[in-house]
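Summary of the model geometry
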Amino acid sequence: LHQKYAAKAVTLARKQGGVYVKAAQQIASLQGGSGGGGVPPAYTTALAELTDRAAPQDLRLFEAMIAEELCVPGWTVDAPSGSGLAAVRCPAIAAASLSQVHRASAEDGRELALKLQFPWLAEQVPTDFAVFKMVAGQMQPGGFDVSWLVDDLQKHVTSELDFLTEARHAGEAAAAL
C-alpha cells in the first residue's frame, strides 16, 4: 500500500514542481532518522529520486522574465544584445527544483553561469505554502503536529529563492579566494 501511494506522491511532486519537489526532497532526507515509527521507507526511497534528477525547462519560457529583470523589452534567446549578454547557451548545464543554470557569454567576452529561477514560482510559491499550511493544520499523523515542517520548508525555500543574497555570498567567496 505504501509503495502505491509513494509512487503517486512522486508523480504529484513532478507534476506540481517547485515547492512540491522541495517538500518531497525534505521527506526523502528524513530516511536516516525516521526509523520504523517515522516516515515509511517506501516514501523516503521513492521520493529520493527527486533529489537529483530535475528536468531542465525550455529557455524560451524565461524570455519575458529575463527581459523584465535586465530592463530590455523584447529580449529573446535569439536576440540577447543590449542586455549585457552576448549569448545564452542551451541546454541547461544543471537543473533543480526551483531554478536551472545555463552557460552564457557577456558582451565583454566573459564566460558566465546564468542561474534562472523558474518564472512561475513568484505566483506559485505563496499559494503552495497556503495549501501546505492548511493541510498540515488538519493532519496530525500519529498525533504529531507537522506544521513545523512546513514552516521550516518555507524558510529554506524563501532563502533559496533569494538570488540577490546568493550573489552577494558568491562575491564574498570569490573575494576570499
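All figures in this text were calculated on a predicted structure; none of them were measured in a lab.

1. Focus on the environment of R60
Turning to its location among the elements, R60 is positioned in the loop between α4 (41-47) and α5 (63-69). The spatial distance from the C-alpha of R60 to the C-alpha of D78 is 9.5 Å, given a sequence separation of 18 residues. When residues no more than four places from it in sequence are discounted, the contact partners of R60 are V77 and D78. One polar contact links R60 to D78, side chain to side chain, over a distance of 3.3 Å.

2. Points about the side chain of S83
Of note, S83 is situated in the loop between α5 and β1 (85-88). We classify S83 as buried; its relative accessible area is 15%. Among the polar contacts listed, one links the side chain of S83 to the side chain of W75, at a separation of 3.2 Å. Side-chain polar atoms of S83 contact the backbone oxygen of P80, separated by 2.5 Å.

3. Side note on the confidence of the model for the protein
In the predicted model, the protein carries a mean pLDDT of 89, and the fraction of residues at 70 or more is 95%. Per-element confidence in the protein is highest for strand β3 (residues 99-106), whose mean pLDDT is 95, and lowest for helix α3 (residues 31-34), whose mean pLDDT is 56.

4. Observations regarding unusual backbone geometry
Following C90, the chain continues into P91 via a peptide bond in cis, with omega recorded as 0 degrees. Along the polypeptide, P91 turns up in the loop between β1 and β2 (94-95). A positive phi is found at C71, a non-glycine position, where the angle reads about 55 degrees. Within the secondary structure, C71 sits in the loop between α5 and β1.

5. Things to note about the packing of helix α2 (residues 19-28) against helix α6 (residues 121-138)
At a minimum axis distance of 10 Å, the contact between α2 and α6 shows a crossing angle of 50 degrees. Relative to α6, the element α2 lies oblique. Contacts between α2 and α6 involve V19, Y20 and A23 on the former and, on the latter, V125, D128, F129, V131 and F132. Residue composition of the contact of α2 with α6, by class: 7 nonpolar, no polar and 1 charged.

6. Examining the environment of D108
Tracing the chain through its elements places D108 in the loop between β3 and β4 (111-117). The class for D108 is exposed, based on a relative accessible area of 54%. For the pair D108 and G171, spaced 63 residues apart in the sequence, the C-alpha separation amounts to 19 Å. Polar contacts involving the side chain of D108 include one to the side chain of R110, which spans 2.9 Å.

7. Details of the packing of aromatic side chains
Counted by the stated rule, this structure contains 4 aromatic pairs. Each ring, one from Y20 and one from F132, has its centre 4.9 Å from the other, and the planes form 80 degrees; the classification is edge-to-face. On the criterion of sequence distance, the pair formed by Y20 in helix α2 and F132 in helix α6 is long-range, its members being 112 residues apart. For the residue pair Y20 and F132, the accessibility class agrees, reading buried in each case. With a centroid separation of 5.1 Å and an interplanar angle of 0 degrees, the aromatic rings of F118 and W120 are classed as stacked. Using a relative accessible area of 5% as the deciding quantity, one classes F118 as buried. The exposure class of W120 is partly exposed, given its relative accessible area of 34%.

Parameters at a glance
Residues numbered from 1 in each chain as written. Predicted model: local features only at pLDDT ≥ 70, side-chain atom pairs only at ≥ 80, totals over all residues. Heavy atoms only, no water. Helix = DSSP H or I, 4+ residues; strand = E, 2+ residues; numbered from the N terminus. Contact = heavy atoms within 4.5 Å. Polar contact = N/O pair within 3.5 Å; in protein donor to acceptor, adjacent residues only side chain to side chain. Buried < 20%, exposed > 50% of the residue type's maximum accessible area, 1.4 Å probe, protein only. pLDDT = per-residue confidence, 0-100. Axes fitted to C-alpha atoms, helices over the stretch in contact; angles between N-to-C directions. Parallel < 35°, antiparallel > 145°, perpendicular 65-115°, else oblique. Nonpolar A, V, L, I, M, F, W, Y, C, P; charged D, E, K, R; others polar. Phe/Tyr/Trp six-rings, centres within 6.5 Å; stacked < 30°, edge-to-face > 60°.

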